[in-house]
Amino acid sequence: RWLFFLGYGAPDLTRFLQRYPNKIGMGMLADVWKDLKVEAVPARDVASLAAAWAKLANSAQEPSSLQLPEMQLPLLAQNAEAKLLTVSKCDELLLVIPVQPSRKFDRSTKSDFACNSLPLVASTHPQGAVLAMVQNLQRPLLLKDLPLESRFFDHLQMAGAHVRLTQQWQRAALRVSGSFDQWMAHNFANKRRKEFKRLRNRLTELGELKLETLNPNSNFKTFVEDFVQLEAQGWKGQRGTALGIQD
């Protein structure tokens, strides 16, 4: 993940089109860009965009569960100063970025639940949507935890935006390959595996032990209800931080 600073947009659309004449048709992109509408919607008004936002999430070029309206609307409702930066064509949303104004610049909103700020961009005319956003920025925009290995960053570079990396780092990730048994054998010592087996046998002595894997056709409602109930019975319930205790 990287932290990077996106300054003012490229001042001249013509210069961009001349720079990439072979990658994108000049007339086609110009027509697409001029028909797009860029707005900074106040947090109090974003609920009216929920349906269009959900539609964008289902067809985004790079899906991101962190940017779903179900995740962002409750966060925006708690932040009166926040805004939703949008690019749209007619009633169709093509790009959304929740932003937080500060004294000298805007920045992507942050929460304890988000690990990156990768925005939702429609798979139709993604370059035009990013270009329209860049051209209409009135202030510098700070995007935190944005992956450089993303199509959105590629579009930013093609848009001729003034981009400055202020900090970058690599985030640890678990790459699982092969079967589960192979993964266990490679990552856990024999002593630890024996301990897991012993604990499993102890659980079977208490009653029937079932291991289930959820799939898209599973009953997630029942699973979530059971999980919330179980969580409330542990230390989170004692501290008052369990999901089932909070509104």
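Check the entry above for the structure.
Residues numbered from 1 in each chain as written. Predicted model: local features only at pLDDT ≥ 70, side-chain atom pairs only at ≥ 80, totals over all residues. Heavy atoms only, no water.

### Re the environment of Asn116
Relative to the helices and strands, Asn116 is located in the loop between strand E5 (106-108) and strand E6 (120-121). Judged by its relative accessible area of 12%, Asn116 falls in the buried class. Spatially, the C-alpha atoms of Asn116 and Leu66 are 8.0 Å apart, while their sequence positions differ by 50 residues. Polar contacts involving the side chain of Asn116 include one to the main-chain amide nitrogen of Leu118, which spans 3.0 Å. (Helix = DSSP H or I, 4+ residues; strand = E, 2+ residues; numbered from the N terminus. Buried < 20%, exposed > 50% of the residue type's maximum accessible area, 1.4 Å probe, protein only. Polar contact = N/O pair within 3.5 Å; in protein donor to acceptor, adjacent residues only side chain to side chain.)

### Things to note about a nonpolar patch on the surface
Residues Leu214, Phe220, Phe223, Val224, Phe227 and Leu243 make up a contiguous nonpolar surface patch of about 560 Å² in total accessible area. Examined against the element boundaries, Phe220 turns out to sit in helix H9 (residues 220-232). (Patch = residues over 30% accessible without salt bridge, like charges linked within 9 Å, V, L, I, M, F, W, Y side chains within 5 Å. Areas by Shrake-Rupley, 256 points an atom, 1.4 Å probe, with all protein chains shown as cover. Salt bridge = Lys/Arg side-chain N within 4 Å of Asp/Glu carboxyl O.)

### Some thoughts on the nonpolar core
Counting residues in hydrophobic clusters, the biggest one holds 37 residues, and the most contacted among them are Leu95, Ile97, Met133 and Phe152. Within the residue set of this core, elements represented by two or more residues are helix H3 (50-58), strand E3 (83-89), strand E4 (92-101), E6, helix H5 (126-135), strand E7 (141-146) and helix H6 (151-158). (Core = buried A, V, L, I, M, F, W, Y, C linked by side-chain atoms within 4.5 Å.)

### Quick notes on the packing of aromatic side chains
The geometry of an aromatic ring pair is captured by two quantities: the separation of the ring centres and the angle between the planes. Inspection of every chain in the model, using the stated rule, returns three aromatic pairs. Between the aromatic rings of Phe180 and Trp183, the centroid separation amounts to 5.9 Å while the plane-to-plane angle is 40°, which identifies the pairing as tilted. With Phe180 and Trp183 both in helix H7 (residues 180-187), this residue pair falls three residues apart, about one helical turn. Centroid distance Trp183 to Phe188: 5.6 Å. Interplanar angle 75°. Geometry classified as edge-to-face. The exposure class of Phe188 is partly exposed, given its relative accessible area of 22%. Here a set of aromatic residues connected by ring pairs shows up, and it is made of Phe180, Trp183, Phe188 and Phe196. (Phe/Tyr/Trp six-rings, centres within 6.5 Å; stacked < 30°, edge-to-face > 60°.)

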